[in-house]
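# Structural overview
Now for the letters of each chain:
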Amino acid sequence: SAVISQKPSRDICQRGTSLTIQCQVDSQVTMMFWYRQQPGQSLTLIATANQGSEATYESGFVIDKFPISRPNLTFSTLTVSNMSPEDSSIYLCSVEQGWSYEQYFGPGTRLTVT
Amino acid sequence: GQQLNQSPQSMFIQEGEDVSMNCTSSSIFNTWLWYKQEPGEGPVLLIALYKAGELTSNGRLTAQFGITRKDSFLNISASIPSDVGIYFCAGQNTTSGTYKYIFGTGTRLKVLA
């Protein structure tokens, strides 16, 4: 399975600022996904990021708030813009390898907005 | 967004006991995944299921893809303390034209030594 790393692992940010989260994979993957998870709760998909095309956002998530970049097949970033305390959450990236339909997750970024 | 219903919501069991949990949906899926998540970590893939009726094992874990394609089950035999965590199911229907997974509400497992 792919090895996925995320940076930062955690951060505490002031409201009104922005944070960019990086996701690095050790192999080339076509499909990458960004999720949000409240501690102890289920996962909610923010967007699907495929290389060479714009990210596809789920209902309730917009590009102005969560811009995503996917410059190549091993890397993606998610920015949380103009943060408010409601954005405090765990942000996870995941990848789908080949055509296996199996998704693998990074360790997550724990964000606290004060 | 849409979520799958998992039951039970939480379980407290004695070490050595067997565990059963299930996941149900109002929609049909053609792939089911089961994950385990420990505090401070991302979910770890345990088992993938691709066909209705399929029964797949991974060590002490066994999962089944329901015949109706609207449910899936996970069993853990002879539980040990390191089985503690939250177990999530996830369903995917690629015939809808998307590759996104819908995640379950989670089953929190605690094992008493």
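Worth saying up front: this structure is predicted, and the values here are computed from it rather than measured. (Residues numbered from 1 in each chain as written. Chains lettered and ligands numbered in written order. Predicted model: local features only at pLDDT ≥ 70, side-chain atom pairs only at ≥ 80, totals over all residues. Heavy atoms only, no water.)

Looking only at helices and strands, one finds 0 helices and 11 strands in chain B. Relative to the globule expectation of 13 Å for 113 residues, the C-alpha radius of gyration of chain B, 14 Å, shows essentially globular dimensions. Dimensions of chain B, computed from the C-alpha atoms along their principal axes, are close to 45 × 30 × 20 Å. When burial is assessed residue by residue, chain B has 47% of its 113 residues classed as buried. (Helix = DSSP H or I, 4+ residues; strand = E, 2+ residues; numbered from the N terminus. Rg over C-alpha atoms; globule rule 2.2 N^0.38 Å. Buried < 20%, exposed > 50% of the residue type's maximum accessible area, 1.4 Å probe, protein only.)

Okay, the sheet that holds strand β7 (residues 61-65) of chain B next. Residues and elements named next belong to chain B. Pairing is antiparallel in the open sheet, where 5 strands are placed in the order β1-β3-β8-β7-β6. Looking at which strands have only one partner, the edges of the open sheet turn out to be β1 (5-7) and β6 (55-58). The sheet shows a mean angle of 15° between the axes of neighbouring strands, taken without regard to direction. Across 6 bridges, strand β3 (residues 19-24) lies against strand β8 (residues 71-76) in antiparallel orientation. Considered in β8, the bridge of S20 is made with N75. (Pairing = 2+ DSSP bridges. Axes fitted to C-alpha atoms, helices over the stretch in contact; angles between N-to-C directions.)

Moving on, we get to the sheet that holds strand β8 (residues 75-80) of chain A. All names here are of chain A. Reading across the sheet, the 4 strands line up as β1-β3-β8-β7 and stay open at both edges, with antiparallel pairing between neighbours. Strand pairing shows two members of the sheet lacking a second neighbour, β1 (4-7) and β7 (68-72), which therefore form its edges. The mean inter-strand angle of the sheet, taken between neighbouring strand axes irrespective of direction, is 15°. Of the pairings in the sheet, the one linking β7 to β8 comprises 3 bridges and is antiparallel in character.

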